[in-house]
Structure formats: structure tokens, C-alpha cells
Amino acid sequence: MICIPISPASNDQAAELLALAATEPADLIEIRMDCFDERPDLPRLLALAQKPLLATCRSKAEGGKFNGDIQDRTSLLQEAIDLGFPYVDAEADCLPGLRRSSESVTIASWHDFTSVPADLDEKIKNLCDLPGDWVKFAVMATSHADNLRVFDAIGKASKPAIGIAMGEFGETSRILGPSRGSRITFGSLRQGEESAPGQLTARELADLYRVKSLTRDTAVYGLVGDPVGHSMGHRIHNAAFAAAGVDAVYIRWRAPNFVDFMERFAVPLGVAGLSVTIPHKEAALRTAGMTSPLARDIGAANTLTSLPHGGWRGDNTDAAAAIDSISAAARGSGIVLTGKDVLVIGAGGVARALGLGLDRLGCRVTLANRTPERARSLALEMGWRTVEMADVANHEWMLVVNATSVGMHPNISASPFPADGWRAGMMAFDTIYCPRRTRFVREAEASGVIAIDGTGMFLGQAARQFELWTGRTAPRETMRLAAGLE
Ligand code: NAP
């Protein structure tokens, strides 16, 4: 079940929030009675509710806001039970004083806002020994592996359990929890109204992650990198899985330590595939037992696919997607790139990948970079040429590629190529897709140049990942719409 917690300060506000929550994709609404500045009017709220209610009165010791004493708290919880609230959440101190009823599921709850304690199993056993029909525990995750400890504890509980890993590292438990036996996962009414750290919205849980249809057999994919907050991958891949009817889910994981993430989380969870982003693409290639020749030559993998008998296959879909995008535009305009001079601006991972792809198309690759030594060293390794940034407009290029972050949001007024360097008949390719129409693209177009933005590369690399993972043709139109690209 998906439950939306609401934390109103008054009965009138509670009535408003109940009406709002009624339209959201949730099965249950939790009323946090400890947040009220007045006595909750439980008969009124029960009469107004269009979905089943869970009554909670969290003490300050357990992270709540209740100002009264244990008698006041017990009396509110007892009133909820006597009125027939379907679910009532109570902590260890109140539970012995409550007269339970067969109409109400009493949930014995316990929270740790600092860590997942070493004696978690013992704590859950003690919780199960308390009076109550179900148990609920919420602990603070400090690593992705903590989600697995929560799943393990749910499995070991002698009563129906709700287990949550809180915080940024606990998102997996909120998405996969129900498929691992957690009776409830909590999702906020709106973004910014989370009742606990790391909560997603109920709508994201229901519509984006489809948590109620996930099972232990659902294939788990995701993005690993640091940072990952800007990524649209979870929108694109989850939409693609849903459209193609693939039983799979895609989660974002910020992981500062790649090896730790793989060994303590991805492998034990049985992750089926990963998109890999900065700064882990080189480490991903080292992890892969099997690699595509392109990924090997580039020296980086942005895609890992788990192999049937253990281990990973590493691929690089960035370069192939960019070359697809460039080749399609060249074909459409009757431009031949083979044998022509192309300028790649940048000397990072993407410059290397695109340079290699263009080299394989038979282009003559020249690099220019803010830090010329980096361009020289990459060019020396790959057998390419270099040109000074100040000199890029004094040459004839068939294609100019921006493989830097110059022009990316928020610095959208910058371009790495001078406006007077463009000539009609050239091509321009920007790796940036945010914004879509960079200054580089706009100035190129204004000079009659065929300009390609980074969206084709972005969608293409995701589509190729989908195809590597599922063996099916990617629903590209669905992916484009999910990315919000017109
Ligand atoms: P990277 O390894 O960090 O390299 C960044 C490059 O940009 C370096 O050459 C760096 O020059 C240059 N640069 C950064 N800030 C600059 C500035 N203010 N002025 C001049 N040069 C600057 O990054 P990457 O992984 O290669 O990514 C490069 C671009 O590709 C990024 O814009 C990224 O968003 C884009 N990308 C797009 C897609 C897609 O699907 N469309 C996929 C992946 C990446 P120095 O050597 O002097 O630092």
C-alpha cells in the first residue's frame, strides 16, 4: 500500500489536506496528530476521509512534535481505535496502555534517525514482542547497503512489517520495500511536504516507479554516479519499461564510492543493469569482465549489463549515439564526412569518445581545448592533430563538435566557437542538451550551418541501453516524451 502522511496544524487544514490527498494515487492517509496546534477532531476527520486513515501521534523522542505527556498521547490513540480508525500507529511506551480492537490494526513503531543500528535484528525482535498486530521500523540509511539490511529485517520479522530506510541513501527501500514484504511505503502529498527525509511523492511511487506492480522477480536497473540529481534517466527508462511491458524498474543511486556500491549493494541486490555517469565510467570499464571494443578503445563504460553467470558486460552507448545523430543529419543534408577535417572542442571523456567515433568514420580529427596540454596529450595518444583555441576560426572544418560544458545551463550565454568562424555548408554538433538551443547551435544556424543539438545523443544513448538490457527495440517516442523534449 502507498500511504500519504499529512501533518496539519489544525482541523480545518486537515480537512483541506484530506481532500487533496483523496485525488492522489494512494491507498491510505496517515494523520500526524502530533503536528496539530489544537485537539484533533477525529470524528470529523473520519467522516471527511475518502480513503482509509492511519492515526499517528509521534512523540518527540521518536522524531515527532507532540507537546503533551504520555497520557494525552495514549488518550488520542485510544480515541482513534475506539472510533474505528483502520490503522493506528503507537510507540512502545503507549502500547501497553491501549485497549486494542479487531476493527483497528495496531502498529508498534520504532525510529532511529541517526543510523541502522548494529543490533537491528534484536531491535525488530523486541518490537515484535510488544502488543500490536504489525510492526513498523524506520532507520537512517548511511549507505545503499542499508536498504538490504532493512529488507532482511522485514523478512525476519515475526509479524507483518513496515520497514523503511530513511534519507537519500534509503530511496531503494521506499521503491522496492513493498516487493520485499513491507506492508506500506510512505509518499508525500507534494514535493517539499515530506514527513521524513528521503520521501518521494506518492505520485512518483505510483506512476513513475509503479511500486504496487513490482515483485521480487522485477528486474532492477538504475543510474550510478555522483551527482545524479540532474538526471532524467529514471523518467525515460521507467516510461520505456512501462510502454514496452517489461517487468523492470529504474532507480537513481548517488554513490561516491563505486566499488563499495557494486560489492555491497548492486551485486547482492541482483541489479540487472546500470547506467554509469561521472565520475565512475572508467571504474565501470575496469569492473566489466566483458567489454565492447568501442568501450575498451574509449577507456570508459557508461552501461553495465549483468551476465547470466555473474559479472558484467561494459558498453559505451554515448559515442555510438552521438555518431548516429551526426551521421543521420549528414546523410539527410547530403554531406560526406569521410576524409574531411572535423574539430572536436574539449579533451575529456566525451571528446575522446566522439573523436574515436569520427576517426572510425574516416574523418581527420583535430582537438582544441581550454587546457592545451590535455588536448595535446590525447591527440598524441590517438594520432590526432591539435589547434589552439584562439585559432579555431582560421581553418576549414566540415564539422565542429562541442564536447565541453561551455554553454550549458546556467552559463547559457557562452559558446566555445567564435560566431564569425561559421561558414554555410558546415555542420555543428553540440553534446549539450540543457538548454537544447545553446548559443553554439543558434550562432551556427544563423550562419546557415546544419546544427544538431545534444538531445538526439542523450535519447540515443538511453535507447541503446534499453536495447542492450532487454533485447527489444526501444520505444524512442515514449522516451522522448518522458524526457520532456518537444
Ligand atoms: P569532462 O571529462 O569533465 O570534460 C570537460 C571538458 O570541457 C574539458 O575539455 C574542459 O576543459 C572543458 N571545459 C569545462 N569548462 C570549460 C570552460 N569554462 N571553458 C572552456 N572549456 C571548459 O566532461 P565530459 O564527460 O567529456 O562531458 C563533456 C560534455 O558532454 C558535457 O557538456 C556533458 O554535459 C556532455 N555530455 C552529453 C551527453 C548527451 O547524452 N548529450 C552525454 C554525456 C556528456 P579543461 O580540460 O580545460 O578542463
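Higher on the page you've got the structure.
Residues numbered from 1 in each chain as written. Predicted model: local features only at pLDDT ≥ 70, side-chain atom pairs only at ≥ 80, totals over all residues. Heavy atoms only, no water.

> Got a minute to help me understand the site of the ligand in this structure?
If you check the shell around the ligand, you find 22 residues, and the closest are Val 350, Asn 369, Thr 371, Arg 374 and Thr 431. Here a nitrogen atom of the ligand and a backbone polar atom of Thr 431 are 2.8 Å apart. Isolated, the ligand exposes 930 Å² of accessible area, and the fraction of that covered by the protein chains is 74%. Of the residues that constitute the shell around the ligand, the class distribution is 10 nonpolar, nine polar and three charged. (Near = heavy atom within 4 Å. Polar contact = N/O pair within 3.5 Å; in protein donor to acceptor, adjacent residues only side chain to side chain. Areas by Shrake-Rupley, 256 points an atom, 1.4 Å probe, with all protein chains shown as cover. Nonpolar A, V, L, I, M, F, W, Y, C, P; charged D, E, K, R; others polar.)

> Sorry, what's going on with the packing of helix α12 (residues 317–333) against helix α13 (residues 349–360) here?
A pair of packed helices is characterised by two quantities: the angle between their axes and the separation of those axes. In the contact formed by α12 and α13, the axes pass within 9 Å of each other and the chain directions differ by 55°. Considered as vectors, α12 and α13 are oriented oblique to each other. The way α12 lies across α13 gives a crossing that is right-handed. Taken together, the residues of α13 that come into contact with α12 (itself represented by Ala 319, Ala 322, Ile 323 and Ile 326) are Ala 353, Leu 354, Gly 357 and Leu 358. Of the residues that constitute the contact of α12 with α13, the class distribution is seven nonpolar, one polar and no charged. (Axes fitted to C-alpha atoms, helices over the stretch in contact; angles between N-to-C directions. Helix = DSSP H or I, 4+ residues; strand = E, 2+ residues; numbered from the N terminus. Parallel < 35°, antiparallel > 145°, perpendicular 65-115°, else oblique. Left-handed = near helix turned anticlockwise from the far one by under 90°. Contact = heavy atoms within 4.5 Å.)

> Explain the state of the cysteines here, please?
What we call a disulfide is simply a covalent bond connecting the sulfur atoms of a pair of cysteines. Enumeration according to the criterion identifies zero disulfides in this entry. Looking at the unpaired Cys 94, the closest cysteine sulfur is the one in Cys 57, lying at 7.4 Å. Note on Cys 94: relative accessible area 1%, which makes it buried. No disulfide involves Cys 128; its nearest neighbouring cysteine sulfur is the one of Cys 94, lying 19 Å away. Relative accessible area serves as the criterion here: at 6%, Cys 128 is assigned to the buried category. (Disulfide = S-S within 2.5 Å. Buried < 20%, exposed > 50% of the residue type's maximum accessible area, 1.4 Å probe, protein only.)

> Would you mind showing me how to read the pairing of strand β15 (residues 341–345) here?
Among the five residues that make up β15, four are buried, leaving the element largely enclosed by the rest of the structure. Examined bridge by bridge, β15 and strand β16 (residues 364–368) share five bridges and lie parallel to one another. From the neighbouring strand, Leu 343 faces β16, where its bridge partner is Thr 366. Viewed along the sheet, the connection from β15 through α13 into β16 turns out right-handed. Here β15 pairs with strand β18 (residues 399–402) via four bridges, running parallel. Across the sheet, Ile 345 pairs through a bridge with Asn 402, a residue of β18. (Pairing = 2+ DSSP bridges. Right-handed = clockwise from strand over helix to strand, strands pointing away.)

> Can you help me understand the packing of aromatic side chains in this one?
Pairs of aromatic rings are described using the distance from one ring centre to the other and the angle between the two planes. All told, the structure shown has 11 aromatic pairs when counted by the stated rule. Positioned above the aromatic ring of Phe 151, the side-chain terminus of Arg 180 is 5.7 Å from the ring centre. Note that Arg 183 overlies the ring of Trp 134, its terminal NZ or CZ placed 5.4 Å from the centroid. (Phe/Tyr/Trp six-rings, centres within 6.5 Å; stacked < 30°, edge-to-face > 60°. Lys NZ or Arg CZ within 6 Å of the ring centre and 35° of its normal.)

> Sorry, what's going on with unusual backbone geometry here?
The general pattern is negative phi for most residues beyond glycine and trans for most peptide bonds. The residue after Asp 226, namely Pro 227, is reached through a cis peptide bond having omega 10°. Within the fold, Pro 227 resides in the loop between β9 (219–225) and α8 (233–244). Notably, Arg 210 is not glycine yet its phi reads approximately 50°, a positive angle.

> Mind showing me how you'd approach the sheet that holds strand β8 (residues 185–186) here?
Remark on secondary structure: sheet strands pair via backbone hydrogen bonds, oriented parallel or antiparallel. Here eight strands make up an open sheet; going across it, the order is β7-β6-β5-β4-β3-β2-β1-β8 and the pairing parallel. Both outer strands of the open sheet, β7 (161–166) and β8, are each paired with one neighbouring strand and no more. Two elements, strand β2 (residues 28–32) and strand β3 (residues 53–56), share four bridges in a ladder whose sense is parallel. Paired with Ile 29 across the two strands is Leu 53, which belongs to β3.

> Before we go on, may I ask you to explain the environment of Glu 263 in this structure?
With respect to the helices and strands, Glu 263 occurs in helix α9 (residues 258–269). Sequence spacing of Glu 263 and Ala 145 is 118 residues, and the spatial spacing of their C-alpha atoms is 9.2 Å.

> Could you clarify how one ought to interpret the nonpolar core in this entry?
Nonpolar side chains in soluble globular proteins tend to be buried together. Membership of the largest hydrophobic core comes to 81 residues, with the highest contact counts inside it found for Phe 137, Ile 175, Leu 176, Phe 261, Leu 274 and Leu 304. Examining the composition of this core, we find that six residues originate from one element, α9, more than from any other. With 27 residues, the next largest nonpolar core counts Ile 335, Leu 358, Cys 363 and Met 457 among its residues. (Core = buried A, V, L, I, M, F, W, Y, C linked by side-chain atoms within 4.5 Å.)

> Please explain the pattern of salt bridges as it appears in this structure.
Opposite charge on two side chains makes pairing possible when the charged atoms of those side chains draw close. Scanning all chains against the criterion turns up 34 salt bridges. Between Arg 235 and Glu 204 there is a salt bridge, and its shortest N-O distance comes to 3.8 Å. Taken as a pair, Arg 235 in helix α8 and Glu 204 in helix α7 (residues 202–208) lie far apart in primary sequence, 31 residues in all. We classify Glu 204 as buried; its relative accessible area is 17%. Bridged by salt links that share partners, the residues Arg 58, Arg 73, Asp 89, Glu 91 and Asp 93 form one connected network. (Salt bridge = Lys/Arg side-chain N within 4 Å of Asp/Glu carboxyl O.)

> Would you take a moment to explain the layout of surface pockets for this structure?
Any empty space left between the atoms is revealed when a probe the size of a water molecule rolls over them. Taken as a whole, the second largest pocket encloses approximately 330 Å³ of empty space. For the second largest pocket, the lining is made up of 18 residues, of which Glu 168, Glu 171, Gly 198, Leu 200 and Arg 252 are closest to its centre. No other element matches the three residues that strand β10 (residues 248–254) contributes to the lining of the second largest pocket. Counted by class, the lining of the second largest pocket contains three nonpolar, eight polar and seven charged residues. (1 Å grid on protein atoms, 1.4 Å probe; cavity = no way out; pocket = protein on both sides within 12 Å on 5 of 7 lines; lining within 4 Å. Points joined across faces, edges and corners; volume = space filled by probe spheres on them.)

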